[in-house]
Amino acid sequence: MKIAENKQIKRENLLTSAYNLFIRKGVHATSIDEITDNAGVAKGTFYLYFEDKWDIFEKTIIERSHLLFEEALIYVNNQNIKGFKDRIINMIDYIIESFKDNNELLKFIGKNLSLGMYNKVIIDEYEQYSDIKETLEKEFKEYNKKEKNAEIKLFMIIELTSSTIYNSILNDFPLSINDYKKILFEQIKNIIK
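Predicted, not measured: the structure shown is a model, and the values here were computed from it.

1. What to know about the overall build of the protein
Check the secondary structure of the protein and you find 11 helices and zero strands. For the protein, the α and β elements follow one another from N to C terminus as α-α-α-α-α-α-α-α-α-α-α. Radius of gyration (C-alpha) of the protein: 18 Å, near the 16 Å computed for a compact globule of 193 residues. Dimensions of the protein, computed from C-alpha atoms along their principal axes, come out at roughly 50 × 40 × 25 Å. Sorting the 193 residues of the protein into buried and exposed places 45% on the buried side. For the protein, the exposed area adds up to about 10400 Å²; of that, 50% sits on carbon and sulfur atoms. In the protein, the 28 positive side-chain charges and the 31 negative ones have mean positions that sit 4 Å from each other.

Rendered as structure tokens:
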């Protein structure tokens, strides 16, 4: 058990190190040596967990977007929000507000928010990553017993959010995010029905 915990700690340290360096310096200007030095592990350890810099970059995006979904789900549960539509809208609102508060995270994740819930490699590697997706799909199916495309529609909601809020938050284009949210939430409600 201790060996597995140590491996997980080293992997998490590498991901945190990479994230901090990618945010500060950019992906292209960050080297694997810097990531390992900052994480306090040997370079060989890096290759036990990741193929190359681009692999850790993708997995860092996946981890950060997944953590955002976890936080959003915890938030709606703590707020005791009932009803699938209200839960999804409040989760999306939580994510948007998190991005408004942390533009660096938005720039880092970019338009790849769905990777945190739909990346098969990560889901196969870490079972807990599929929990949120399964929870939301189950809630969707309970909300609409006739719904046959819950997984696809949930994916559409996340992709719609991810692909459209970026410019709205960073550039107030095509609208400020507060104005844009009203339209986005109406579209999400239409997808859910």
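On we go from here.
2. Here we look at empty space enclosed by the protein
Going through the model one piece at a time under the given rule, you end up with one cavity of 30 Å³ or more. Lining the largest cavity, in full, are Phe69, Ile88, Met91, Ile92, Met117, Leu136, Leu154, Ile157 and Ile158. Looking at the lining of the largest cavity, the elements that each hand over two or more residues are helix 5 (84-101) and helix 10 (150-171). Here the residues of the lining of the largest cavity are counted per class, giving nine nonpolar, no polar and no charged.

3. What to know about helix 11 (residues 177-192)
In this model, helix 11 (16 residues) spans 22 Å end to end at C-alpha, consistent with the 22 Å of a helix rising 1.5 Å per residue. Among all positions of helix 11, only Ile177, Tyr180, Lys181, Leu184, Phe185, Ile188, Ile191 and Ile192 are buried. The buried residues of helix 11 occupy an angular sector of 140 degrees when projected down its axis, which confines them to one face. Once helix 11 finishes, Lys193 follows within two positions and takes phi at roughly 65 degrees, a positive value.

4. Quick notes on the pattern of salt bridges
Opposite charge on two side chains makes pairing possible when the charged atoms of those side chains draw close. Summed over the entire model, instances satisfying the criterion amount to 14 salt bridges. In this structure, Asp93 engages Lys181 in a salt bridge whose closest nitrogen and oxygen atoms are separated by 2.5 Å. Highlighted residues: Asp93 in helix 5 and Lys181 in helix 11, separated in sequence by 88 residues. Accessibility expressed as a relative area gives 22% for Asp93, which makes it partly exposed. Overall, Lys181 belongs to the buried group, its relative accessible area being 10%. Glu147 is paired through a salt bridge with Lys153; the nearest N and O atoms lie 3.1 Å apart. The exposure class assigned to Glu147 is buried, which follows from its relative accessible area of 11%. The class for Lys153 is buried, based on a relative accessible area of 17%.

Definitions and cut-offs
- Residues numbered from 1 in each chain as written.
- Predicted model: local features only at pLDDT ≥ 70, side-chain atom pairs only at ≥ 80, totals over all residues.
- Heavy atoms only, no water.
- Helix = DSSP H or I, 4+ residues; strand = E, 2+ residues; numbered from the N terminus.
- Rg over C-alpha atoms; globule rule 2.2 N^0.38 Å.
- Buried < 20%, exposed > 50% of the residue type's maximum accessible area, 1.4 Å probe, protein only.
- Areas by Shrake-Rupley, 256 points an atom, 1.4 Å probe, with all protein chains shown as cover.
- Lys, Arg positive; Asp, Glu negative; His and termini not counted.
- Charge placed at Lys NZ, Arg CZ, Asp CG, Glu CD.
- 1 Å grid on protein atoms, 1.4 Å probe; cavity = no way out; pocket = protein on both sides within 12 Å on 5 of 7 lines; lining within 4 Å.
- Points joined across faces, edges and corners; volume = space filled by probe spheres on them.
- Nonpolar A, V, L, I, M, F, W, Y, C, P; charged D, E, K, R; others polar.
- Expected span 1.5 Å × (residues − 1).
- Arc of directions from axis to C-beta.
- Salt bridge = Lys/Arg side-chain N within 4 Å of Asp/Glu carboxyl O.

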